Amino acid sequence: MRMDDFVGVKIAQDLKGKVSGRVMLLECETVPESYVQQILDFDPTHLLLIDAALLGLKPGEAKLVNPEQLVGSSAFSTHMLPLRIFCEYLRKELKISIALLLIEPKKTDFGEGLEPEISSSASKIAKILNKILSEKT
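Let us look at the structure shown here. (Residues numbered from 1 in each chain as written. Predicted model: local features only at pLDDT ≥ 70, side-chain atom pairs only at ≥ 80, totals over all residues. Heavy atoms only, no water.)

Thoughts on the overall build of the protein
Point 1. Along the backbone of the protein there are 4 helices and 3 strands.
Point 2. In the protein, of all internal contacts separated by at least 6 residues, the share reaching a separation of at least 24 is 76%. (Helix = DSSP H or I, 4+ residues; strand = E, 2+ residues; numbered from the N terminus. Contact = heavy atoms within 4.5 Å.)

Take a look at the structure:
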């Protein structure tokens, strides 16, 4: 509903059916905390959250960060529960490695559809993740 904020969901959709069965893909949108039990039941060793965030980068640029880096950060998120708190809880419960792949949006107005540079970035990221997460690797 907020244009480029859909980028994480778009990447997850692009990866569906293409990655190893050992990989769980979730389209959490603005409420990742609703999926805590599914994540706990899956018992992953690693967790990668992909989201749009206002970081002051060029639209479509991505940055891989540790959740701890969000403390005092100027990154803005549309989630009900701050991602840092969500990640702290999962790390405590599962003792796993967690990373955030944050992508600078261009437009976060109400509406649908990704801006061209965000769509291009999402496609590139999905291709890279597909290579990393496929069963062949």
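As for helix α1 (residues 7-15)
Point 1. Burial runs high along α1: 7 of the 9 residues are buried.
Point 2. Taken together, the buried positions of α1 are Val7, Gly8, Val9, Ile11, Ala12, Asp14 and Leu15.
Point 3. Where α1 is buried, its residues touch β1 (46-52), β3 (97-103) and α4 (116-133).
Point 4. Glycine 17 sits one or two positions beyond α1 and adopts a positive phi of about 75°. (Buried < 20%, exposed > 50% of the residue type's maximum accessible area, 1.4 Å probe, protein only.)

Looking at α4
Point 1. Here α4 contains 18 residues, and its C-alpha end-to-end distance of 25 Å stays within 8% of the 26 Å for a straight helix at 1.5 Å per residue.
Point 2. All of the buried residues along α4 are Ile118, Ser121, Ala122, Ile125, Ala126 and Leu129. Buried residues along α4 cover an arc of 140° about the axis, so they all sit on one side. The exposed set on the far side of α4, more than 90 degrees from its buried face, consists of Pro116, Lys124, Lys127, Ile128 and Lys131. (Expected span 1.5 Å × (residues − 1). Arc of directions from axis to C-beta.)

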